[in-house]
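Single-letter residue listing:
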Amino acid sequence: MDAVLVVNADLGPLHRVTVQHAIRMLCRRVAEIHEAEPDRLIGVFPVPRVVRLVRYVVTRWRFSAGPAWSRAGVLRRDGRCCAYCGGPAGTIDHILPRSRGGRNTWRNTTAACYECNQRKGDRTPAEAGMPLRREPATPSWAALAGR
């Protein structure tokens, strides 16, 4: 387990932190264990999977706009699955290439395997004859926080 989900006092997902960070939160008593690994301990604490904040944190800003764009977020949103061939993806492809004014946005980027990314090159999917299997969309906070 490499990451621990942090949920608000109302059980709404907030973000992920390392196990070490989660243990520090428990020591400072700003969070408590909501779900833990069975039969595994770090000192006196069970190894947490999910920690819940003791006090509610106002997150109105989270609902005003979607999450910020990131490479890791695009790969997570697309399930590390290539948008062109359906194989395992490890790169990000810009639908409208950056050389033509394409930006790093959720609706202009998709996960792609190295081979499809190279084959598409500096063209749009229509020009390359490579239709997208799914239209990219802006994910919700909950979709990026969940596994």
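Here the residue index of a chain counts from 1 through its sequence in written order. Local features in a predicted model are, by the rule used here, given only for residues with pLDDT of at least 70; side-chain atom pairs are given and counted only at 80 or more, and totals for whole chains, interfaces and linings are based on all residues. Side-chain descriptors were evaluated using all non-hydrogen atoms of the structure, hydrogens and water having been removed beforehand.

As named in an unreviewed UniProt entry, the protein is 5-methylcytosine-specific restriction endonuclease McrA, taken from Micromonospora citrea.

UniProt positions are given in the numbering used here, feature names are shortened, and annotations may be inferred rather than shown by experiment. Within this structure's numbering, the places UniProt gives as "domain: HNH nuclease" (unreviewed entry) are residues 69-118. Here residues 69-118 runs as 24% helix and 16% strand, with 22 Å between its end C-alpha atoms. Strands here mean DSSP runs of E at least two residues long; helices mean DSSP runs of H or I at least four residues long; both are numbered from the N terminus.

We count a salt bridge whenever a side-chain nitrogen from Lys or Arg sits within 4 Å of a carboxyl oxygen from Asp or Glu. This model, assessed by the stated rule, comprises eight salt bridges. The salt bridge partner of Glu37 is Arg40, with a shortest N-O separation of 3.9 Å. A relative accessible area of 15% places Glu37 in the buried class. When salt bridges that share partners are traced, they join Glu35, Glu37, Arg40 and Arg49 into one network. For the exposure calls, accessible area comes from a 1.4 Å probe over protein chains only, and a residue counts as buried if that area is under 20% of its type's maximum, exposed if over 50%, partly exposed in between.

Moving on, we get to unusual backbone geometry. Notably, Leu11 is not glycine yet its phi reads approximately 75°, a positive angle. With respect to the element layout, Leu11 can be found in the loop between β1 (4-7) and β2 (13-17). Located in the positive-phi region is Arg80, a residue other than glycine, with phi close to 50°. One can find Arg80 in the loop between α3 (71-77) and β5 (91-94). A relative accessible area of 49% means that Arg80 is categorised as partly exposed.

Once that is clear, we can look at the domain arrangement of the protein. Those domain boundaries reflect an automatic or database domain assignment. The domain architecture assigned to the protein consists of domain 1 (3-61) and domain 2 (71-139). Domain 1 and domain 2 are separated by 34 Å when their C-alpha centres are compared.

A few words now on helix α1 (residues 19-27). Turning to α1, its buried residues number three or more, namely Val19, Ala22, Ile23, Met25 and Leu26. One side of α1 holds all its buried residues, which, seen down the axis, span an arc of 155°. Residue contacts follow a heavy-atom distance rule, with two residues in contact if any of their heavy atoms lie within 4.5 Å. Those residues of α1 that are buried lie in contact with β1, β2, β3 (31-42) and β4 (45-53). Positioned one or two residues after α1, Arg29 has a phi angle of 65°, which is positive. The arc in question is the one traced by the directions running from the helix axis out to the C-beta atoms.

Once that is clear, we can look at the pairing of β2. Any two strands with at least two DSSP bridges between them are considered paired. In the sheet, β1 pairs with β2 via four bridges, with the strands oriented antiparallel. The residue bridging Val7 from the neighbouring strand is Pro13, located in β2. Between β1 and β2, which pair antiparallel one after the other, the connecting turn spans five residues, and Leu11 there sits at a positive phi close to 75°.

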